[in-house]
Amino acid sequence: MTNEDRLLPIANVGRLMKQILPSNAKISKEAKQTVQECATEFISFVTCEASDKCHRENRKTVNGDDIWWALSTLGLDNYADAVGRHLHKYREAERERAEHNKSGNDSGNEREINNRSDLQNQSTKFIRVVEKGSSSLAR
């Protein structure tokens, strides 16, 4: 596997950078590549810590709680708090969806669509929190 194969897609990195910057801001290719490398390294660092925990517990699957634990263990409390809030909201939405499926109520379709929309909005907000948090860590 080449170094480029392990990096996050640069188009996605550039899109995330554009979302957080003013609309008239220009982003150089070098800046995108630097953020691409840093973000990839950060994700690898956290994932490795979570994976080590799973290995010690004889588990093969890394889950959201493992990522939350890794962030906390690594002293990245701002990120851990954001991930914890996101996991809580996700589980609430999943619980509501499961209850809806059990009841078999057709009028709940609109609520399910709203829950999915809320989850997508929360994911976008989480990404922005992570981006803002990472810029404050770099200072």
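Calculation rules
- Residues numbered from 1 in each chain as written.
- Predicted model: local features only at pLDDT ≥ 70, side-chain atom pairs only at ≥ 80, totals over all residues.
- Heavy atoms only, no water.
- Helix = DSSP H or I, 4+ residues; strand = E, 2+ residues; numbered from the N terminus.
- Buried < 20%, exposed > 50% of the residue type's maximum accessible area, 1.4 Å probe, protein only.
- Contact = heavy atoms within 4.5 Å.
- Salt bridge = Lys/Arg side-chain N within 4 Å of Asp/Glu carboxyl O.
- Phe/Tyr/Trp six-rings, centres within 6.5 Å; stacked < 30°, edge-to-face > 60°.
- Lys NZ or Arg CZ within 6 Å of the ring centre and 35° of its normal.
- pLDDT = per-residue confidence, 0-100.
- Axes fitted to C-alpha atoms, helices over the stretch in contact; angles between N-to-C directions.
- Parallel < 35°, antiparallel > 145°, perpendicular 65-115°, else oblique.
- Left-handed = near helix turned anticlockwise from the far one by under 90°.

A.B. asks: Explain the overall build of the chain to me, please; I cannot follow it from the model alone.
C.D. replies: Summing up its helical and strand segments, the chain has 6 helices and 0 strands in all. Reading the chain from its N end, one meets helices and strands in the order α-α-α-α-α-α. Expressed as a percentage of its 139 residues, the buried residues of the chain come to 20%. For the chain, restricting intrachain contacts to residue pairs at least 6 apart in sequence, the fraction spanning at least 24 positions comes to 46%.

A.B. asks: Help me understand the pattern of salt bridges, please; the structure alone is not making it clear to me.
C.D. replies: A side chain with one charge may pair with a side chain of the opposite charge, provided their charged atoms come close. Tallying each qualifying case throughout the model produces 6 salt bridges. The partner of Arg 59 in a salt bridge is Asp 66, and the shortest N-O contact between them spans 2.7 Å. Between Asp 65 and Arg 91 there is a salt bridge, with the nearest N and O atoms lying 2.8 Å from each other. With Asp 65 in helix H4 (residues 64–73) and Arg 91 in helix H5 (residues 77–103), this residue pair connects regions lying 26 residues apart in the sequence.

A.B. asks: Which parts of the structure should I look at to understand the packing of aromatic side chains?
C.D. replies: For any pair of aromatic rings, the description consists of the separation of the ring centres together with the inter-plane angle of the planes. Counting across every chain of the model gives 1 aromatic pair. Look at Phe 42 and Tyr 79: their rings are 5.3 Å apart centre to centre, the planes differ by 55°, and that puts the pair in the tilted class. Of this pair, Phe 42 sits in helix H3 (residues 29–56) while Tyr 79 sits in helix H5, placing them 37 residues apart in sequence. A residue is classified by how much of its surface remains accessible, and Phe 42, at 30% relative accessible area, is partly exposed. On the basis of relative accessibility, which here comes to 5%, the residue Tyr 79 falls in the buried class. One cation-aromatic arrangement involves Lys 53 over Trp 69; the distance from NZ or CZ to the ring centre is 5.5 Å.

A.B. asks: What should I look at first to understand the confidence of the model for the chain in this one?
C.D. replies: Reading fine detail from the predicted coordinates is not recommended where pLDDT is low. With 74% of its residues at a pLDDT of 70 or more, the chain shows a mean pLDDT of 83. Here residues 134–139 is a poorly scored stretch, pLDDT under 50, and it has 3 contacts once near neighbours within four places are set aside; other chains count.

A.B. asks: I keep staring at unusual backbone geometry and nothing clicks. Help me out?
C.D. replies: Leave glycine aside and you will find that most residues have negative phi; peptide bonds, for their part, are mostly trans. Even without a glycine there, the phi angle at Asn 58 is positive, about 55°. Inspection of the secondary structure assignment puts Asn 58 in the loop between H3 and H4. Accessibility expressed as a relative area gives 73% for Asn 58, which makes it exposed.

A.B. asks: When you look at the environment of Gln 36 in this model, what are you seeing that I'm missing?
C.D. replies: Inspection of the secondary structure assignment puts Gln 36 in helix H3. Take Gln 36: its relative accessible area is 9%, and that puts it in the buried class. Once the C-alpha coordinates of Gln 36 and Leu 7 are considered, the two residues, 29 residues apart in sequence, prove to be 6.7 Å apart. Apart from the residues within four sequence positions on either side, Gln 36 is in contact with Leu 7, Leu 8, Pro 9, Ile 10 and Val 13.

A.B. asks: How should I be thinking about the packing of H4 against H5 in this particular structure?
C.D. replies: For any two helices packed against each other, the geometry is given by the interaxial angle and the distance between the axes. Between H4 and H5, whose axes approach to 8 Å, the crossing angle comes to 160°. In terms of axis orientation, H4 runs roughly antiparallel to H5. Both H4 and H5 take part in a crossing whose hand is left-handed. Side by side, H4 and H5 meet where Gly 64, Asp 65, Trp 68, Leu 71 and Ser 72 of the first sit next to Asp 77, Tyr 79, Ala 80, Val 83, Gly 84, Leu 87 and Arg 91 of the second.

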